[in-house]
Protein chains: 2
Amino acid sequence: MSSRPSLAQVAALSGVSVKTASRALSGEGYVAVETKARVQNAADELGYRLNRTARELRRGGNTSTLVGLLSGDLANPFYSRLASGLERELRMHGLQLITASTDENPEWERRLTDSLLERRVRGLVVVSTMAEHGHLAAERRHGSPFVFVDRPPVDLTADAVLLDNRGGAKSAAEHPLERGHRRIGIVGDLSRLTTHQDRVEGFAEAMEAAGITGWRDYLLEDAHDVDKAERAVHSLLARDPAPTAVFTTNNRITTGALRALRASGNRDKALIGFDELDLGDVLGVTVVAHDPEEMGRHAARLLLARLEGDDGPARRVILPTRLIERSTTAVH
Amino acid sequence: MSSRPSLAQVAALSGVSVKTASRALSGEGYVAVETKARVQNAADELGYRLNRTARELRRGGNTSTLVGLLSGDLANPFYSRLASGLERELRMHGLQLITASTDENPEWERRLTDSLLERRVRGLVVVSTMAEHGHLAAERRHGSPFVFVDRPPVDLTADAVLLDNRGGAKSAAEHPLERGHRRIGIVGDLSRLTTHQDRVEGFAEAMEAAGITGWRDYLLEDAHDVDKAERAVHSLLARDPAPTAVFTTNNRITTGALRALRASGNRDKALIGFDELDLGDVLGVTVVAHDPEEMGRHAARLLLARLEGDDGPARRVILPTRLIERSTTAVH
DNA sequence: GTGAAAGCGCTAACAC
DNA sequence: GTGTTAGCGCTTTCAC
């Protein structure tokens, strides 16, 4: 439990100045081969390890290699795949990812954002659960780039990587409509989220274009976890008349719906979900798919461009979705 | 893009010394209420934000709030659920998680370990892909606690959270054996991993206890991703005589097997997988289940105990598995 | 209550 | 090639 050796101790042991030791170990500047070897030996002997935070402090400004990610729970495959794509891309550029889960709690998000900024992260990627982001405006003036993912910034100009939620949801509604369904239920996540609102809008657009006006009777919101979703779908199926098809607006809700349908022995209800599922192909679930890892990579690229000095206007990347037709919407 | 204000600038603006500004903002030590307010205003006006790395440098030693996690790819639900459980537990104790993916590459693991240690993380949680860990012995003398998860340390004494791989695999073999299966295939991950070896051992134990000697003919290894696993299962099913049941030793291999079984239209093969699947209940896959999030929480607790000064002998937590019987092993 | 000086571990700048 | 000095942003120590 001895305290960690510093460069000064390595220098003392090898009989050179601190600066020479620094040069020898960092490889920056000229050092005699023999001196270098002596310093290296001393470092090995002491178990010396560079203190990167001290280096970054001295080098000043933007030399940190840390990037923060704020998102919901990593146990949700959407977030973990996003994190995976982001981390890999950053790693290839020598950056490290520090992840913080907000659990969709704005208070946590605020605290964790502060914490990451105090740590002088090089940039921040955020799946925000907050209603507005004006408080971050001051940060941007100090040069910390933000990239918003999945949900756009409000009252703030910043880069964003978003999905075509509206278009995806529209196609999700059109698909059963084309197969003759008229009563299509829709189960959604937290109603305050723009992703949710956009998906409902896209759904509404298709329903209204098909001349269906009563669709709101079959709208259930705030089914934020699998259990709530399962109950919501059960209650939807208990309506009279019952819907003949259900659109679930994200992966957890789809999971809940699958459980509900299985439990109720309902094999003739059509189901279509937003987000691909891990075993969606094996299960045969029709989905509106997209690529969370690709979102992560895009976020990394936007961030890297900013770090390389790009100071152009905020960019907004909208990634497409694609409908994958499987057996849950097959016509019997 | 102006550079970030320092405490000195806040002090200057509010007309006090740096130390008073420090006290006012950190709340440590006595400051007149009025002075405090003046400093706070100046800080707000400048958009001041504490530089936590500078604080930690000055405070010396072990004051960092960073914990590192080294694991395979976060896109694998096993790792992401592990990370989720770990992160939540750490967050409740004011610590932050920095994640690095090794992609099961020892060289990456080594580099990333160095990098995290240079960053002076408070501790390290690692799902190691390396064959031995003697090189970390020096680190432990400097007080950086390590917790090994899923795979034990080799040539190093350290805390570990492991699964009962042998017992779990044994029960996975006994289950189809009890149902009359004699030719049971087994498809495994990288053969160099101890988890894999232990699972094969447990499987072997049950098979040999049942008097079956030729089981190795149906052993396929190094199916490290879903595609490889799918091909492996296809080739297994093509054997003559074909196995009547398959044991897949982790979640991705089970996924591959489900695809292979579905593609080949083979509905009468029994399947049992190690690791629970996201929709395992809906799919009806018999599995040897365990709780990755719980592993993460345990790792956090071991680490926290060390940080609080526990210097007792290395602890080893072995978490149980439990067999969940579902339709893929139902008798027709 | 407040402040001046020193220093955490490192590197930039400028010697020699 | 190598050393000296200063300083990154903060807190500790000890004064007032």
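Residues numbered from 1 in each chain as written. Chains lettered and ligands numbered in written order. Predicted model: local features only at pLDDT ≥ 70, side-chain atom pairs only at ≥ 80, totals over all residues. Heavy atoms only, no water.

In the region of DNA strand D, 22 residues are neighbours, and Thr20(A), Thr35(A), Arg58(A), Leu7(B) and Lys19(B) sit closest. Backbone atoms, meaning sugar and phosphate, make up 59% of the atoms of DNA strand D lying within 4 Å of the protein. Within the backbone of Ser17(A), an N or O atom sits 2.8 Å from a phosphate oxygen of DNA strand D. Among the elements that line the surface near DNA strand D, the one with the most residues is helix α4 (residues 52–59) of chain B, at 4 residues. Here the surface near DNA strand D is composed, by residue class, of 9 nonpolar, 6 polar and 7 charged. (Near = heavy atom within 4 Å. Polar contact = N/O pair within 3.5 Å; in protein donor to acceptor, adjacent residues only side chain to side chain. Helix = DSSP H or I, 4+ residues; strand = E, 2+ residues; numbered from the N terminus. Nonpolar A, V, L, I, M, F, W, Y, C, P; charged D, E, K, R; others polar.)

Looking now at the nonpolar core. Side chains of a nonpolar character, in soluble globular proteins, are inclined to be buried together. Of all hydrophobic cores here, the largest spans 90 residues; its most connected members are Val125(A), Val149(A), Val161(A), Val125(B), Val149(B) and Val161(B). Excluding anything up to four places from it in sequence, Val161(B) contacts Val147(B), Phe148(B), Val149(B), Asp150(B), Met295(B), His298(B), Ala299(B), Leu302(B), Val317(B) and Leu319(B). The next biggest cluster of nonpolar side chains, apart from the first, holds 48 residues, and it includes Val233(B), Ala257(B), Ala260(B) and Val287(B). (Core = buried A, V, L, I, M, F, W, Y, C linked by side-chain atoms within 4.5 Å. Buried < 20%, exposed > 50% of the residue type's maximum accessible area, 1.4 Å probe, protein only. Contact = heavy atoms within 4.5 Å.)

This paragraph deals with the sheet that holds strand β6 (residues 184–187) of chain A. Residue and element names in this part refer to chain A. Spatial strand order, β7-β6-β8-β9-β10-β12: 6 strands in an open sheet with mixed pairing. Of all strands in the sheet, those with a lone pairing partner are β7 (219–220) and β12 (322–324), marking the two edges. As paired strands, strand β9 (residues 270–274) and strand β10 (residues 286–289) are joined by 3 bridges and run parallel to one another. Paired with Ile272 across the two strands is Thr286, which belongs to β10. Packed on one face of the sheet, helix α9 (residues 194–209) meets β6, β7, β8 (245–248) and β9 and runs near 170° to β6. (Pairing = 2+ DSSP bridges. Axes fitted to C-alpha atoms, helices over the stretch in contact; angles between N-to-C directions.)

Here we take up the sheet that holds strand β2 (residues 96–101) of chain A. The strand order across the open sheet built from 12 strands is β11(A)-β5(A)-β4(A)-β3(A)-β1(A)-β2(A)-β2(B)-β1(B)-β3(B)-β4(B)-β5(B)-β11(B), with neighbouring strands paired in mixed fashion. Looking along the sheet, the strands with just one partner apiece sit at the ends: β11 (316–319) of chain A together with β11 (316–319) of chain B. Put simply, the sheet's adjacent strands are angled 20° from each other on average, direction ignored. Inspection of the sheet shows strand β5 (residues 159–163) of chain A paired to β11(A) by 4 bridges, in the parallel sense. By the bridge assignment, Val161(A) is partnered in β11(A) with Val317(A). Across the face of the sheet, helix α6 (residues 106–118) of chain B comes into contact with β2 of chain A together with β1 (66–71), β2 (96–101) and β3 (123–126) of chain B while running at roughly 180° to β1(B).

All we've got here are geometric facts, nothing functional implied.
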